[in-house]
Amino acid sequence: MSLEQEVREAFAQDGVLSQAAEQFREREGQTQMALAVARTIAQGGVLVVEAGTGVGKTFSYLVPALLSGERVLLSTATKTLQDQLFGRDLPRLVAALGLPVRTALLKGRSSYLCLHRLDLARHDASPERASLRTLAKIEQWSKATRTGDLAELPGLDERSPLIPLVTSTRENCLGAQCPQFKPCHVNLARREAMAADVVVINHHLFFADLAVRESGMAELLPTVRVVVFDEAHQLNETGVQFLGVQLGSGQALDFARDLLAAGLQHARGLVDWQQLAAGIEHAARELRLSVGKQYPGSKLRWSGGSPDGVSVQAWQGALEALGQAFAEAARGLDTVSELTPDFVRLHERALQLSERASRFAEACPSGSVRWVDVGSHLRLVESPLDIAEAVRARVLKSDAAEADDDGRAWVFTSATLGDDPQLKWFTEPCGLDDAEVLRVRSPFDYARQAALYVPRRFPKPSDPAHGHQVAQLAAHGARRLGGRTLVLTTTLRALRTVGDAIRQDFETLEPAERPEVLVQGELPKRMLMDRFREGAAQGRSGCVLVASASFWEGFDAPGDALQLVVIDKLPFPPPNDPLVEARSQRLESQGRSAFSDYSLPEAAVALKQGAGRLIRRETDTGVLVICDTRLVAMGYGRRLLAALPPMRRIEDEAGFEDALAALKNGVG
């Protein structure tokens, strides 16, 4: 029986999938995608699939991948989906299909407890009392965990400043010289990955390894014939982060701290460690001071010998001094390198940091863009404009030499990959111009389940009153629905404005009737999502979540916990961002329109992602409000509207009130 026939039988109404998934029913789109994946696996090649919400794309690629008997690599954008695939979907399917398949989960270093670094942290006198409590909790857990995956430790805040102290980086890992090398959790995860039939990784790990060939993928990838990228819409932006070069004043200070700690512990008196560390710290501070006073969070363009508005002489001098401080540290470390592996690794780090400082003192190579991120520390960034060249030269072209004769199968899928039939928004920057493209529509009845409202009488997005008006509308809807509201903002400034204004609006309500207002940044993301989902389920007034950035996607609140999504503005890419600016200039130089070919597709995809938070199941109902009159007033609004799910349209305020009343009364 061919793979396609096996897949068709599995997805039949009475097939094996009906045993693996509750309320399984045969979906034409899901089967269509699964058959396309099966063909690609059998023949080799590249398949790009946009599968609308509700298609069930996870089963569509997992079933043919598992039935093929091939070795498979699955990559996701988020650790949340990675854990879901490994902990829930894969075991369920493997059991249903009755296959003897070994699976493994592989994350980046920062996800695993480093036993050596934990031992160092025990002797560090600097942690505050709260960190000491967390450290004690980690120590207790370390004795019982098999995997060392910090995601398994309940209650650990992913923002904890202690995490970098108990995890390793490529720079500070001692490798085979580490006293804890044998029980190392990172090495255990890699060994299990090498022995598994199906390995679940994430895009960050894939590209980090592509950049440095250090995380185990260099050995793993050539042995795999089927590679699937889920949440593939994030591939380009993830890739450019790792395929570029970065140097930060924070990096320098971390190195100085590690240098001083190791020096005083292992070679006190042999080298003036205080002087070397102080030299690096001074040079890092001088580099920060050379840019003067800047608004925190700003990005400084860097088109010549220094960032815009910064003296070339002061900048180049500070860079040279930093490079020399690293080189001096390397010379000191070289004299004691035989004493401990810590010094060998620190020596390598010092040389690498010195080389990076020298690189940033030279001209930016063509095809890349440079800028400086300004915060409490400086971060110097050099980035390619996209991953197309790297994918063509270092990923797809590796097929012929390394894979089986019939070629490797590459599958890229997401719910949102563009706003045109060929999905060029995704395929062009990812170097997938020759890929087979398939678009599978969502099975949801959006015209019945959801409505779109664009308020006509609303301040322009640039009007200072706009944020308060968004808050007023969202607060009104939340009062009518008893919470159940998600507000998505395009900026962090709007996030704070809207969150504060909604809280102020709710002060007139009785405490028992007051929906809880959750604002991104005030709690860990996972806690915010759980709290929001539980709000309505616990019989009390529900929640309003005001969020930005990462909540536009990956946030799933099915059922009646979420019935109103409010988007403040059309999510165009910020024109003053150096990467956006460089991409726009490249398009203009090619005779293309930066707005039509870049800004508009970017906004369409982001808008589609945000709107996708509303309807997650066939029984969900709700209203999407977009508080930006440009959507109906400007000609390009038609293209953005076409990218949204086909919801019914609400034309006026009375219609909005009727829709809220219907939701409150449980009417679709």
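Structure first, text after, so check above.
All figures in this text were calculated on a predicted structure; none of them were measured in a lab.

Undergrad: I would appreciate a short explanation of the overall build of the protein in the present structure.
TA: Assigned secondary structure in the protein consists of 28 helices and 18 strands. By principal-axis analysis of the C-alpha atoms, the protein measures approximately 80 × 65 × 60 Å. Within the protein, contacts between residues at least 6 apart in sequence are counted, and of these 78% link residues at least 24 apart. Of the accessible surface of the protein, which amounts to about 29900 Å², a share of 50% is contributed by carbon and sulfur atoms.

Undergrad: Sorry if this is basic, but what is going on with the sheet that holds strand β6 (residues 245–248) here?
TA: The strand order β6-β9-β8-β7 describes an open sheet built from 4 strands, whose pairing is antiparallel. Whereas interior strands pair on both sides, the edge strands pair on one side only; in this sheet they are β6 and β7 (299–301). Each strand of the sheet is rotated relative to its neighbour by a mean of 20 degrees, with strand direction disregarded. The pairing of β7 with strand β8 (residues 368–374) spans 3 bridges and is classified as antiparallel. Within β8, the residue paired with Leu-300 across the bridge is Val-372. Helix α13 (residues 249–266) rests against β6 and β9 (378–384) of the sheet, and its axis sits at about 65 degrees to β6.

Undergrad: What is the right way to read the pattern of salt bridges from this model?
TA: Once the charged atoms of two side chains with opposite charge are near each other, the side chains can pair. Counting across every chain of the model gives 35 salt bridges. For Glu-192, the salt bridge goes to Arg-146, with nearest N and O atoms at 2.7 Å. Here Glu-192, found in helix α9 (residues 185–195), pairs with Arg-146, found in the loop between α7 (129–142) and α8 (163–166); they are 46 residues apart in sequence, far enough to count as distant. With relative accessibility at 29%, the residue Glu-192 sits in the partly exposed group. Ionic pairing is found between Asp-628 and Arg-630, a salt bridge with its closest N-O pair at 2.7 Å. Under the relative-accessibility criterion, Asp-628 is labelled buried at 0%.

Undergrad: It is not clear to me how the layout of surface pockets should be interpreted in this structure. Could you clarify?
TA: Left-over empty space is what a probe sized like a water molecule reveals as it rolls over the atoms. Within this model, the second largest pocket holds a volume of roughly 450 Å³. Lining the second largest pocket are 22 residues, and of these Arg-117, Leu-120, Asp-258, Ala-261 and Ala-262 lie nearest its centre. Elements with a contribution of two residues or more to the lining of the second largest pocket: α6 (115–122), α13 and α16 (341–361). Of the residues forming the lining of the second largest pocket, the biggest block, 7 residues, is contributed by α13. Of the residues that constitute the lining of the second largest pocket, the class distribution is 8 nonpolar, 5 polar and 9 charged.

Undergrad: Help me understand the packing of helix α1 (residues 3–10) against helix α4 (residues 57–67) in this model?
TA: Each packed pair of helices is defined by two parameters, the angle between the axes and the distance between the axes. α4 packs onto α1 with a crossing angle of 130 degrees between their chain directions and a minimal axis gap of 10 Å. As summarised for this structure, α1 and α4 are arranged oblique, according to the angle between their axes. In the crossing of α1 with α4, the sense of the turn from one axis to the other is right-handed. Mapping the contact onto sequence places Leu-3, Glu-6, Val-7 and Ala-10 in α1 and Val-63, Pro-64 and Leu-67 in α4. For the contact of α1 with α4, a count of residues per class yields 6 nonpolar, no polar and 1 charged.

What counts as what
Residues numbered from 1 in each chain as written. Predicted model: local features only at pLDDT ≥ 70, side-chain atom pairs only at ≥ 80, totals over all residues. Heavy atoms only, no water. Helix = DSSP H or I, 4+ residues; strand = E, 2+ residues; numbered from the N terminus. Contact = heavy atoms within 4.5 Å. Areas by Shrake-Rupley, 256 points an atom, 1.4 Å probe, with all protein chains shown as cover. Pairing = 2+ DSSP bridges. Axes fitted to C-alpha atoms, helices over the stretch in contact; angles between N-to-C directions. Salt bridge = Lys/Arg side-chain N within 4 Å of Asp/Glu carboxyl O. Buried < 20%, exposed > 50% of the residue type's maximum accessible area, 1.4 Å probe, protein only. 1 Å grid on protein atoms, 1.4 Å probe; cavity = no way out; pocket = protein on both sides within 12 Å on 5 of 7 lines; lining within 4 Å. Points joined across faces, edges and corners; volume = space filled by probe spheres on them. Nonpolar A, V, L, I, M, F, W, Y, C, P; charged D, E, K, R; others polar. Parallel < 35°, antiparallel > 145°, perpendicular 65-115°, else oblique. Left-handed = near helix turned anticlockwise from the far one by under 90°.

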